[in-house]
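Okay, here's what each chain looks like letter by letter:
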Amino acid sequence: MSERVVLAYSGGLDTSVAIGWIAEETGAEVVAVAVDLGQGGEDLDTIRKRALDCGAVEAVVADARDEFAEQYCLPALQANALYMDRYPLVSALSRPVIVKHLAEAAKYHGATTVAHGCTGKGNDQVRFEVGIGALAPDLKVIAPVRDYAWTREKAIAWADDRHLPIDVTKKSPYSVDQNVWGRAVETGFLEDIWNAPIEDVYSYTQNPAEPRDADELVITFDKGVPVAIDGETVTVLQAIQELNRRAGAQGVGRLDMVEDRLVGIKSREVYEAPGAIALITAHQELENVTLERDLARFKRQVEQRWGELVYDGLWFSPLKYALDSFIENTQQHVTGEVRLVLHGGRAVVTGRRSEESLYDFNLATYDEGDTFDQSLAKGFVQLWGLPSKIAAKRDLGR
Ligand SMILES: Nc1ncnc2c1ncn2[C@@H]1O[C@H](COP(=O)(O)OP(=O)(O)OP(=O)(O)O)[C@@H](O)[C@H]1O
Ligand SMILES: NC(=O)NCCC[C@H](N)C(=O)O
Ligand SMILES: N[C@@H](CC(=O)O)C(=O)O
């Protein structure tokens, strides 16, 4: 029996060419695996058929939309995960779920090798290969685009020679990766970091500068999980989809940044993640109300580290697993409602309420009903400042 290779198949030019190329170069049979992460666009049955037409012995399409939302986007939401304080890890979250499906397919189809179509300049190669190493350490990896220096021209020539059913005229001016958590756009004229993005770059969001009425909504969370929007019960996937629609219509979640890739390159990325940004904004605020101060402060450090680990391809790693347990524990009181106004590209919190709230009106108020004993403050402030005072006396006395 021939060896088998499981290929992470996106349906694009490179991975379509990779099917026949891997078969010719290695003599192996190729099983294509395309994972539905809510990216929309082409119908997955069309993609599946293309893989078979390009020479795959099997083509698997996995509907991982709920799995992705519940097991990957939800932990990111509970971690308020924003790499470099801004990027909600759109592609970084998708790679581990693809890896999981590749490892499962390799086992099922008796494959010895997995393949992907990443270049050698990005983060995604790391996420695929480190992920496979953690889930199925005996599998080998082939990365033809990276390891054989493919160019678009070479791939087109190869496809033409073999009459592959790929429409090579469909060339986007950018490289785009998208899923239900958001959309990442890079390359083309965006590589000049002085060039402003044009409207054509965006597809999940409307232009925030255009005049329109504001939208207002209430998100209900139960232990850190979004469970209803305006009182209507939703799954996590539905919550993200609904907020993509409503926050996207208000231009929320656009982002233009230069980011530090793991491979050392600084790269210009334009993102749009309306649902993710609206959800994180609401979730963060509910935590402000329900988490005890020291826990909240420490969690912010954990969130940053969690985001870096995920960005750096370490989803399946001991430290990430341990931080997951910490974050999960912090969510037990994150229950309640947050009201958001979506308008002009911003998601603004205008109200919060929770049975688990630590906000005590009587302690906070300056009006009638004040129960805060201000006489305790004097001594507290004196003791709090005592170390600085002692140090200052020594230093100023010199
Ligand atoms: N939905 C998906 N299902 C399975 N694998 C995927 C999916 N999306 C991307 N990949 C894998 O991740 C790699 C990198 O994705 P990226 O978005 O950078 O490339 P692409 O331009 O979509 O792919 P192609 O190489 O087919 O032109 C792809 O080459 C493919 O191996
Ligand atoms: N357009 C793309 O293919 N982007 C994938 C990478 C997006 C982002 N910079 C990341 O590393 O997660
Ligand atoms: N997916 C792109 C970009 C990235 O990984 O950041 C690549 O393979 O190069």
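Residues numbered from 1 in each chain as written. Chains lettered and ligands numbered in written order. Predicted model: local features only at pLDDT ≥ 70, side-chain atom pairs only at ≥ 80, totals over all residues. Heavy atoms only, no water.

## So, the overall build of the protein
Here comes step 1: In terms of regular secondary structure, the protein is built from 13 helices and 14 strands.
Here comes step 2: The principal-axis extents of the C-alpha atoms in the protein amount to approximately 85 × 55 × 45 Å.
Here comes step 3: Out of the 398 residues in the protein, the part that is buried amounts to 47%.
Here comes step 4: Long-range pairs, those at least 24 residues apart, make up 73% of the contacts in the protein between residues at least 6 apart in sequence.
Here comes step 5: For the protein, the accessible surface area stands at approximately 20,200 Å², while carbon and sulfur atoms represent 52% of it. (Helix = DSSP H or I, 4+ residues; strand = E, 2+ residues; numbered from the N terminus. Buried < 20%, exposed > 50% of the residue type's maximum accessible area, 1.4 Å probe, protein only. Contact = heavy atoms within 4.5 Å. Areas by Shrake-Rupley, 256 points an atom, 1.4 Å probe, with all protein chains shown as cover.)

## Regarding the pattern of salt bridges
Here comes step 1: The tally for this structure, following the rule as stated, stands at 32 salt bridges.
Here comes step 2: Residues Arg95 and Asp177 are paired through a salt bridge, measuring 3.2 Å at the closest nitrogen-oxygen approach. On the criterion of sequence distance, the pair formed by Arg95 in helix 4 (residues 90–109) and Asp177 in strand 6 (residues 175–179) is long-range, its members being 82 residues apart.
Here comes step 3: Across the pair Glu303 and Lys299 runs a salt bridge, and its minimum N-O distance is 2.7 Å. Within this pair, Glu303 and its partner Lys299 are both found in helix 10 (residues 293–311), separated by four residues, close to a single helical turn. Lys299 shares its class with Glu303; the two are buried.
Here comes step 4: Here the salt bridges share partners, and the residues they tie into one network are Asp215, Asp230, Glu242, Arg245 and Arg246. (Salt bridge = Lys/Arg side-chain N within 4 Å of Asp/Glu carboxyl O.)

## Re the packing of aromatic side chains
Here comes step 1: This model, assessed by the stated rule, comprises eleven aromatic pairs.
Here comes step 2: On the numbers, 4.0 Å between centres and 15° between planes, the contact of Tyr87 with Tyr271 is stacked. Here Tyr87, found in the loop between helix 3 (65–78) and helix 4, pairs with Tyr271, found in strand 12 (residues 266–272); they are 184 residues apart in sequence, far enough to count as distant.
Here comes step 3: Feature note: the residues Phe68, Tyr72, Trp306 and Trp315 constitute an aromatic cluster, connected by ring pairs.
Here comes step 4: Sitting over the ring of Tyr311, Arg127 keeps its end group 4.9 Å from the ring centre.
Here comes step 5: One residue, Arg254, lies across the ring of Tyr202, its end atom 3.6 Å from the ring centre. (Phe/Tyr/Trp six-rings, centres within 6.5 Å; stacked < 30°, edge-to-face > 60°. Lys NZ or Arg CZ within 6 Å of the ring centre and 35° of its normal.)

## Re the side chain of Ser94
Here comes step 1: On the secondary structure map, Ser94 appears in helix 4.
Here comes step 2: Judged by its relative accessible area of 1%, Ser94 is buried.
Here comes step 3: Looking at Ser94, its side chain comes within polar contact range of the main-chain oxygen of Ser91, at 2.8 Å.
Here comes step 4: Residue contacts for Ser94: discarding those within four places in its chain leaves Leu37, Phe68, Asp177 and Asn179. (Polar contact = N/O pair within 3.5 Å; in protein donor to acceptor, adjacent residues only side chain to side chain.)

## Overview of the site of ligand 3
Here comes step 1: The immediate surroundings of ligand 3 are formed by Cys118, Thr119, Gly122, Asn123, Asp124, Glu186 and Arg261.
Here comes step 2: When the free accessible area of ligand 3 is taken as 270 Å², the share hidden by the protein chains comes to 81%.
Here comes step 3: Here the residues of the shell around ligand 3 sort into one nonpolar, three polar and three charged. (Near = heavy atom within 4 Å. Nonpolar A, V, L, I, M, F, W, Y, C, P; charged D, E, K, R; others polar.)

## Some points on the site of ligand 1
Here comes step 1: Around ligand 1, a shell composed of 18 residues is seen, among which Ala8, Ser10, Asp14, Thr15 and Val35 lie nearest.
Here comes step 2: Contact between ligand 1 and Ala8: an oxygen atom at 2.7 Å from a main-chain N or O atom of the residue.
Here comes step 3: Measuring from a nitrogen atom of ligand 1, one finds a backbone N or O atom of Tyr9 at 3.4 Å.
Here comes step 4: Burial of ligand 1 by the protein amounts to 83% of the accessible area it has alone, namely 590 Å².
Here comes step 5: Of all elements in the fold, only helix 1 (13–26), strand 2 (29–36) and helix 4 reach the threshold of two or more residues within the shell around ligand 1.
Here comes step 6: Within the shell around ligand 1, the residues separate by chemical class into nine nonpolar, six polar and three charged.

## Digging into a nonpolar patch on the surface
Here comes step 1: Residues Phe380, Val381 and Trp384 make up a contiguous nonpolar surface patch of roughly 410 Å² in combined accessible area.
Here comes step 2: In this fold, Trp384 is placed in helix 13 (residues 375–396).
Here comes step 3: By relative accessible area, Trp384 is classed as exposed at 67%. (Patch = residues over 30% accessible without salt bridge, like charges linked within 9 Å, V, L, I, M, F, W, Y side chains within 5 Å.)

## Some thoughts on the sheet that holds strand 10 (residues 232–233)
Here comes step 1: A sheet is described by the order of its strands in space; here five strands give the open sequence 10-9-8-13-14, paired in antiparallel fashion. In this open sheet, the two strands that pair with only one neighbour each are strand 10 and strand 14 (346–353).
Here comes step 2: In this sheet, strand 9 (residues 225–229) lies alongside strand 8 (residues 215–222) in antiparallel orientation, the contact comprising four bridges. Bridging across to strand 9, Ile219 finds its partner in Ile229. (Pairing = 2+ DSSP bridges.)

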